[in-house]
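Observations on the model geometry
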Amino acid sequence: MMLVCFLACVKSGRAYCPIDVNVPLSRTEAIIREVEPEIILTTEPLEIDSDRIKELQEINEIISTTDGKADSSNYVTAEDVFYIIFTSGSTGTPKGVQITRDCLDNFIKWALCLGSGTAQEKVYTFMNQAPFSFDLSVMDLYLCLYTGGTLFALGKNVQVDMKLLYEALRRSGINKWISTPSFADVCLADPIFSGELLPDLTDFLFCGEILTNKTVSRLKKRFPGANVVNTYGPTESTCAITEINVTDEINEKYSPLPVGKPKDGTWIRISDENGNAVVDGEKGEIVIIGDSVSIGYWNNAEKNKKSFGRTTVNGVEYRFYRTGDEGYIIDGMLHYCGRIDNQVKLHGYRIELEDIESNLLKIHGIIQAVVLPKYRDGKVSSLVAGVVLSEATEDEKTAAESIKSKLKMTLPEYMIPKKIKFLSNIPRTNNGKIDRKAVGGVL
Ligand code: AMP
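Numbers given to residues run from 1 along each chain, matching the order in which its sequence is written. Local features are withheld for residues below a pLDDT of 70 in this predicted model, meaning they are given only at 70 or higher, and side-chain atom pairs are given and counted only at 80 or more; totals for whole chains, interfaces and linings count all residues. Only hydrogens and water are set aside when side-chain values are computed; all heavy atoms of the structure are taken into account.

Describing the sheet that holds strand S21 (residues 379–389)
Two modes of strand pairing occur in sheets, parallel and antiparallel, and in both the strands are linked by backbone hydrogen bonds. Note the following rule: Note: two strands are recorded as paired if DSSP finds a minimum of 2 bridges between them. Helix and strand labels come from DSSP, where a helix needs a run of H or I of at least four residues and a strand needs a run of E of at least two; each type is numbered from the N terminus. Note on geometry: axes are lines fitted to C-alpha atoms, helical ones only across the stretch in contact, with angles between N-to-C directions running from 0 to 180 degrees.
Pairing is mixed across the open sheet formed by 3 strands, whose spatial order is S20-S21-S22. Because the sheet does not close on itself, it has two edges, and the strands there are strand S20 (366–376) and strand S22 (419–422). The average undirected angle you get between the axes of adjacent strands in this sheet is 25°. Bridging between S20 and S21 involves 10 bridges; their strand directions are antiparallel. From the neighbouring strand, Ile366 faces S21, where its bridge partner is Leu389.

Okay, structure coming up:
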């Protein structure tokens, strides 16, 4: 139904903005306040006072009374916004990334050739793992729609129950696997996850977080015939913009693995602190220039000024985006080295630590808050929060549970820190910022 609604929006000339049903109501309300949508389509009852809501029954009635044909002159145009996807924002309010139809078209044209390619005569079955409110799903959804393929969506309930998951995969017939590496790691936990379970699988297409050599080795062993492709890109550049087919040779040669070469129509510049390009091999901020870079965040001039701009390549003007990622280029190949700010990826989810901190500070009794990532195998494995209370508590266990449940009212489940620790003070640097290094020693 979500896909039907997406297409209904764009075919009637409107951008869509997907929100997961699991997002807390207050965050959903904040997004709705931001985008002021003309229509709110919802598959589950929504406790919001608005005359713009169309619930499932009404949507079904509309569908049953139309022939499904839309006047193509109403479709969103190439320069129009096609979708707005919200990502975690450092101020505690999510940021809406606006992607135009042009951006999406330019992404699809390139993505069709990933791995063994999809622009061939055969139509394929694509696996959907990421929620439709995350931009990784753009890869499976639009490659599938564009080629007339089949989308095999793994529901949330299936993804958390290994028995159901393997059963679903066995009958899926998927050819193209699209997920975060973390999800493949979950599946690899059982030897049943192999070429026998998925005999038609030709390509693993990964994006969204670090792909480790270990994951590649395990996949190559279990699926000897399949390509393993690492792609990289933020939501702001439409899903992914670099790629590398990780062969056995590449997996042996590089550790960590590179994220590959940019697509046609995209250029990578590595910048120093002053915004000047550095030479090959030197580390700096990854700046993406090209034809799939977003036109900017919705209604956020300040952030747009900081992160987006325009530049000329070969006499043609393109948008650019400062990613906040650190990297370097060798042999035309991009290597990712982490972040220059406090954004992290946890199980593929993009999280600004300050987003959690500012929501912790909204809780009565918390006067200081800090959130830090904990790492395992070079990847973030969990989050831990340190809080200072206005009045010390004797029962830290109950207080921690209470903080977590209050936090769940404003933040999605994946952003809730696993541990809450109680501190008497949070160390600060000379200019008053949280001294994350020093805090690391205490948490
Ligand atoms: P999102 O907007 O949710 O897709 O998150 C984008 C961020 O995920 C990027 O800015 C990177 O920090 C990280 N990322 C995406 N792809 C990769 C990759 N292949 N390897 C390492 N990090 C990645």
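On we go.
With respect to the nonpolar core
As a reminder of what qualifies: Among the buried residues, those of types Ala, Val, Leu, Ile, Met, Phe, Trp, Tyr and Cys that are joined through side-chain atoms within 4.5 Å form a nonpolar core. Classification of residues uses two cut-offs on accessible area relative to the type maximum, computed with a 1.4 Å probe and protein chains only: under 20% is buried, over 50% is exposed, and between them is partly exposed. By definition, residues are in contact when any of their heavy atoms lie within 4.5 Å.
Core analysis: the largest hydrophobic core is formed by 49 residues, its most contacted members being Phe107, Met139 and Tyr142. No other element matches helix H5 (residues 136–147), which puts 7 residues into this core. Once residues lying within four places of it in the same chain are set aside, the contact partners of Tyr142 are Phe6, Tyr16, Phe82, Leu104 and Ile108. Core analysis: the next-biggest nonpolar cluster, separate from the first, contains 32 residues, Leu197, Phe204, Val216 and Leu257 among them.

Describing the packing of helix H4 (residues 101–111) against H5
As a reminder of what qualifies: Under this scheme an angle from 65 to 115 degrees is roughly perpendicular, one under 35 degrees roughly parallel, and one over 145 degrees roughly antiparallel; angles in between are oblique. Here the term charged refers only to Asp, Glu, Lys and Arg, the term nonpolar to Ala, Val, Leu, Ile, Met, Phe, Trp, Tyr, Cys and Pro, and the term polar to all other amino acids, Gly among them.
Two numbers describe how H4 lies on H5: the axes approach to 10 Å, and their chain directions differ by 80°. In terms of axis orientation, H4 runs roughly perpendicular to H5. Along its contact with H4, which presents Leu104, Phe107, Ile108 and Ala111, the element H5 presents Val138, Met139, Tyr142, Leu143 and Tyr146. Tallied by class, the residues present in the contact of H4 with H5 amount to 9 nonpolar, no polar and no charged.

Observations regarding the side chain of Lys404
Note the following rule: When charges are counted, Lys and Arg contribute as positive and Asp and Glu as negative, whereas His and the chain ends are disregarded. Whenever Lys or Arg places a side-chain nitrogen within 4 Å of a carboxyl oxygen from Asp or Glu, that contact is recorded as a salt bridge.
Of note, Lys404 is situated in helix H13 (residues 396–407). Put simply, Lys404 is tucked away with no salt bridge, and the nearest opposite charge, on Glu401, sits 4.4 Å away. Setting aside residues up to four positions removed in sequence, Lys404 forms contacts with Ile416, Pro417, Lys418 and Ile420.

So, the packing of helix H7 (residues 162–170) against helix H8 (residues 181–188)
Following both chains from N to C, one finds H7 and H8 inclined at 100°, their axes separated by 11 Å at the closest point. By the angle class used here, H7 and H8 are roughly perpendicular. Across from Met162, Leu165 and Tyr166 in H7, the residues of H8 making contact are Phe183, Val186 and Cys187. Residue classes in the contact of H7 with H8 are distributed as 6 nonpolar, no polar and no charged.

Digging into a positive patch on the surface
Selection criterion: Each patch is built from residues lacking any salt bridge and having more than 30% relative accessible area; the joining distance is 9 Å for like charges and 5 Å for nonpolar side chains (Val, Leu, Ile, Met, Phe, Trp, Tyr). Every accessible area reported is derived by Shrake-Rupley at a probe size of 1.4 Å, with residue values counting cover from the shown protein chains alone. Think of each charge as sitting on NZ of Lys, CZ of Arg, CG of Asp or CD of Glu.
Residues Lys374, Arg376, Lys418, Lys419 and Lys421 make up a contiguous surface patch of positive charge. Of all elements in the fold, only S20 and S22 reach the threshold of two or more residues within the positive patch. Relative accessible area serves as the criterion here: at 59%, Lys418 is assigned to the exposed category.

What about the layout of surface pockets?
Short version of the rule: Think of a 1 Å grid over just the protein atoms. A cavity is a set of points where a 1.4 Å probe fits yet cannot get out, a pocket is an open set with protein on both sides within 12 Å along at least five of seven lines, and lining residues have an atom within 4 Å of a point. Grid points are joined across faces, edges and corners, and a volume is the space filled by probe spheres set on the points.
Taken as a whole, the second largest pocket holds about 950 Å³ of empty space. In terms of lining residues, the second largest pocket is bounded by 34 residues, among which Ser90, Lys303, Lys306, Asp341 and Glu354 are the most central. Elements that contribute at least two residues to the lining of the second largest pocket include exactly strand S4 (95–100), helix H11 (301–307), strand S16 (316–330) and strand S19 (349–352). Split into classes, the residues belonging to the lining of the second largest pocket amount to 6 nonpolar, 13 polar and 15 charged.

Focus on the sheet that holds S4
With antiparallel pairing, 3 strands are arranged side by side in an open sheet as S3-S4-S14. One side of each edge strand has no neighbouring strand; the edge strands of this open sheet are strand S3 (81–87) and strand S14 (296–297). Looking at chain direction, S4 and S14 are connected through 2 bridges and run antiparallel. Bridge pairing in S14 places Val97 opposite Tyr297. The sheet contacts of H4 involve S3 and S4, and relative to S4 the element is tilted by about 70°.

Structural notes on the state of the cysteines
Using the following cut-off: The term disulfide is used for any two cysteine sulfur atoms that are within 2.5 Å.
Enumeration according to the criterion identifies 0 disulfides in this entry. Note on Cys9: no disulfide assigned, nearest cysteine sulfur contributed by Cys5 at a separation of 6.7 Å. Accessibility expressed as a relative area gives 14% for Cys9, which makes it buried. Note on Cys17: no disulfide assigned, nearest cysteine sulfur contributed by Cys9 at a separation of 9.8 Å. Overall, the relative accessible area of 25% leaves Cys17 in the partly exposed class.

A word on empty space enclosed by the protein
The tally for this structure, following the rule as stated, stands at 1 cavity of 30 Å³ or more. By volume, the largest cavity amounts to about 40 Å³. Contributing to the lining of the largest cavity are Phe6, Tyr16, Pro18, Tyr83, Ile85, Phe132, Ser137, Val138, Leu141 and Tyr142. Going through the elements one at a time, S3 and H5 are the ones with two or more residues in the lining of the largest cavity. In terms of residue count, the dominant contributor to the lining of the largest cavity is H5 (4 residues).

Looking at the pattern of salt bridges
For the coordinates displayed, the defined rule picks out 17 salt bridges. For the salt bridge of Glu357 with Arg436, the shortest nitrogen-to-oxygen distance reads 3.0 Å. Taken together, the positions of Glu357 in helix H12 (residues 353–360) and Arg436 in helix H14 (residues 436–442) put the pair 79 residues apart, joining distant regions of the chain. Across the pair, Arg436 and Glu357 agree in class, each one buried.

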